[in-house]
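Structure at a glance
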Amino acid sequence: MSRKGNCWDNAVAESFFHTLKTELIHHKNFNTKAQANQAIFEYIEVFYNRQRIHSSNNNLSPVAFEEKMLQNKQVA
């Protein structure tokens with residue numbers, strides 16, 4: 001939730017939901033809520049976090065970026 005009058009507080013969440021809608025929701029028709037829940041879960045856990053590259057993470061997936069950061073931390 002953003003603070004009153006501060007639209008920037010919620011920018012990350014808004015960006016994620018825009019991406020979710022444009023990459024998944026608008027391209028599929030779901031017959032049941034369970035189908036939608038499963039597709040969204042798979043999109044987030046399988047694709048978005050493990051495969052999809054993110055420009056804010058030096059073009060790595062979140063999982064790969066986190067692993068790289070942990071390796072760098074152990075070396076230092």
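No experiment lies behind these values; they were computed from the predicted model shown.

Some thoughts on the nonpolar core
- Grouped together as the largest cluster of nonpolar side chains are six residues: Phe-16, Leu-20, Leu-24, Ala-39, Tyr-43 and Tyr-48.
- Elements represented by at least two residues in this core include exactly α1 (11-23) and α2 (33-48).
- Top contributing element to this core by residue count: α2, with three residues.
- Setting aside its immediate chain neighbours within four residues, Leu-24 contacts Thr-19, Ala-39, Ile-40 and Tyr-43.

Points about the environment of Lys-4
- When you line up the elements, Lys-4 lands in the segment before α1.
- Residue Lys-4 is classed as exposed on the basis of its relative accessible area of 86%.
- Separated by 37 residues in the primary sequence, Lys-4 and Phe-41 have C-alpha atoms spaced 31 Å apart.

A look at unusual backbone geometry
- Unusually for a residue other than glycine, Asn-58 sits at a positive phi of about 55°.
- Mapped onto the fold, Asn-58 is located in the loop between α2 and α3 (62-75).

Here's the deal with the side chain of Thr-19
- For Thr-19, the location among the structural elements is in helix α1.
- Setting aside anything within four residues of it in sequence, one finds Thr-19 in contact with Leu-24, Tyr-43, Tyr-48 and Arg-52.

Rules behind the numbers
Residues numbered from 1 in each chain as written. Predicted model: local features only at pLDDT ≥ 70, side-chain atom pairs only at ≥ 80, totals over all residues. Heavy atoms only, no water. Core = buried A, V, L, I, M, F, W, Y, C linked by side-chain atoms within 4.5 Å. Buried < 20%, exposed > 50% of the residue type's maximum accessible area, 1.4 Å probe, protein only. Helix = DSSP H or I, 4+ residues; strand = E, 2+ residues; numbered from the N terminus. Contact = heavy atoms within 4.5 Å.

These figures come from the coordinates and say nothing about function on their own.
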